[in-house]
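# Analysis of the macromolecular model
In case you want the letters, here they are:
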Amino acid sequence: MSTDEINKLPDDVLIKILSFLTIKQAVRTSVLSSRWKQLWQFFSGPLNFSCRINYRLKLDLLREKLKSQSSRFVEQVNKVLNSHQGPSINKLRLHFHLDEDLGSYIDTWINIALKKKVKKLELINFPFVISQLRPYSFSQETFSCTTNLFLSSLSIENLGVSDETVNCILSSCPLLKSLEVSESPQLRDPKFLGSSLRLKYLSISYCDFIQSIEVCAPKLVSFKYSGREIPLHIRDVPKLKTLDYFSRNVNNPNIPLAFSKVSDYYLPRLVTLMLRMPFERMRLQVDKFPKFMSLKNLICTVGEFNGESLLFLTSLIEAAPFLNKFRLEVEGYNEIKRICKLRKLRTVKGHPNRYLKEVFMSGFCGREADAEIVTYLLKSAFMLKSIVIRVWLAGGKHIPEAKRKKAEDLARQLVQKNRPGAELLLK
């Protein structure tokens, strides 16, 4: 199609064509002709703005660059949002380097976006790794100016979000389906409560001062938590299908267990459970889980492994009678002193499981604990199709070739003895 033919197209068609470009490319079309000068202001595609910094620069140059880039970023976003003439914004994505002194701009952008019926809003503030500047903190008024019936997805990273701000977001955005809050130093005891909540996807990660989380959301489908170990209070989540919990290293035994009251949970539709926590913390609580009658996928990452038995995991495995896939990742214990001898391995009994068909284990090094848990899985999963074993040490520490070969030979012997019909893949 020639340039003349394109110019004959109606404005709404040209605006549709612009939506396939980035906002930066769309703005550049304003120089084509007088007709194109205003068209980009009706841009209907996602508005993505990113302030990129080259951290390889020397410190003084980096600070100066950060200052100039931030100012340029503010000008660019202001120009586009203040000039935007379209009836709505489908998605606004802002990646920036702004401290609390420039917080008024963030408030202004959010206000414009909400008035423009934004559906997806993503606010990511890059960490201030080269200065003592504090990230901006939202006030309660930021999201409580008026009820918003359009925002369905909100992601906030490295910005101050308090418990009160969370309450304001939930009350003023009743149709919100997805909420992600990451690296907020102000979050303490957030509560996600209400029979009218439309929330389906909730993610809270690396909020260093958080103390607890309470969730009561009847439409919630996926919940993910990463950070320090905290007690979880989960109730009335009958549609929850995915639960992902990752806790950092814990040296204080007085910290409440995350799942101390897990037996009170009602998770009838849970399909995927991911647990990532230190060995001792996981060992103390896996036997507290109720029966998971819908669980198909179980992923356990055991950190700070000290070489002791992993058979405590069997209580969790057996709590899911219809389990189809099990993945075990063992981290820690960065030394292989000796390879377990098959003839010296103590007897391990397995509870029959006719549905478990795929097993993956990473961190197998031929230790007795490795052999025990693999033996259990092979014996119990009498319909097992395949087992993948990765001989690996945490941190990628080198394994002497001779010990690697012995560990792989042990894996072959275990399969041959306990489940010869299963396919073994060594990585």
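Residues numbered from 1 in each chain as written. Predicted model: local features only at pLDDT ≥ 70, side-chain atom pairs only at ≥ 80, totals over all residues. Heavy atoms only, no water.

Next up on the list: the overall build of the protein. Secondary structure assignment for the protein yields 10 helices and 17 strands. Considering only residue pairs separated by 6 or more positions, the protein has 67% of its internal contacts joining residues 24 or more positions apart. Of the roughly 21500 Å² of accessible surface on the protein, a fraction of 50% belongs to carbon and sulfur atoms. (Helix = DSSP H or I, 4+ residues; strand = E, 2+ residues; numbered from the N terminus. Contact = heavy atoms within 4.5 Å. Areas by Shrake-Rupley, 256 points an atom, 1.4 Å probe, with all protein chains shown as cover.)

Structurally, Leu94 can be placed in strand β2 (residues 91–96). Given a relative accessible area of 1%, Leu94 falls into the buried group. Residues Leu94 and Glu122, spaced 28 residues apart in sequence, show a C-alpha to C-alpha distance of 6.1 Å. If sequence neighbours within four positions are ignored, Leu94 has contacts with Phe49, Phe73, Val77, Trp109, Glu122, Leu123 and Ile124. (Buried < 20%, exposed > 50% of the residue type's maximum accessible area, 1.4 Å probe, protein only.)

The phi torsion of most residues other than glycine is negative, and most of the peptide bonds are trans. Even without a glycine there, the phi angle at Asn158 is positive, about 60°. Look at Tyr206: it is not a glycine, yet its phi comes out positive at around 55°. The residue Tyr206 is located in the loop between β7 (201–205) and β8 (213–216) in this model.

Quick look at the confidence of the model for the protein now. With 88% of its residues at a pLDDT of 70 or more, the protein shows a mean pLDDT of 86. Within the protein, helix α1 (residues 3–7) has the poorest average pLDDT of any element, 67, and β7 the best, 98. (pLDDT = per-residue confidence, 0-100.)

For Asp370, the position within the fold is in helix α9 (residues 368–380). Accessibility expressed as a relative area gives 0% for Asp370, which makes it buried. From its side chain, Asp370 meets the backbone nitrogen of Gly366 in a polar contact 3.3 Å long. With residues near it in sequence (within four places) discarded, Asp370 still touches Leu310, Met361, Gly363, Phe364 and Cys365. (Polar contact = N/O pair within 3.5 Å; in protein donor to acceptor, adjacent residues only side chain to side chain.)

Side chains on a regular strand alternate between the two faces of the sheet. When you tally the buried positions in strand β9 (residues 222–227), you get 5 out of 6 residues, the bulk of the element. Taken together, the 6 bridges between β9 and strand β11 (residues 242–247) define a ladder with parallel strand orientation. When the bridges of β11 are listed, Phe223 appears paired with Leu243. (Pairing = 2+ DSSP bridges.)

We now examine the environment of Gly45. By secondary structure assignment, the location of Gly45 is in the loop between α3 (23–28) and β1 (47–50). A relative accessible area of 6% places Gly45 in the buried class. When the C-alpha positions of Gly45 and Leu18 are compared, they lie 7.7 Å apart, and in sequence the two are 27 residues distant.

This brings us to the packing of aromatic side chains. Enumeration over the complete set of coordinates arrives at 9 aromatic pairs. Seen in terms of ring centroids, Phe73 and Trp109 are 5.9 Å apart; in terms of plane orientation they differ by 80°. Their pairing is edge-to-face. On the criterion of sequence distance, the pair formed by Phe73 in helix α4 (residues 59–83) and Trp109 in helix α5 (residues 103–115) is long-range, its members being 36 residues apart. Phe73 gets classed as buried once you look at its relative accessible area, which sits at 3%. (Phe/Tyr/Trp six-rings, centres within 6.5 Å; stacked < 30°, edge-to-face > 60°.)

Before going further, it helps to examine the pattern of salt bridges. In this structure the tally under the stated criterion is 9 salt bridges. The shortest N-O distance in the salt bridge between Glu280 and Arg283 comes to 2.4 Å. Of the two residues, Glu280 and Arg283 both sit in helix α7 (residues 279–285), 3 residues apart, roughly one turn of that helix. Ionic pairing is found between Asp409 and Arg412, a salt bridge with its closest N-O pair at 2.9 Å. Of this pair, Asp409 and Arg412 both sit in helix α10 (residues 401–418), 3 residues apart, roughly one helical turn. For Arg412, a relative accessible area of 40% gives the class partly exposed. (Salt bridge = Lys/Arg side-chain N within 4 Å of Asp/Glu carboxyl O.)

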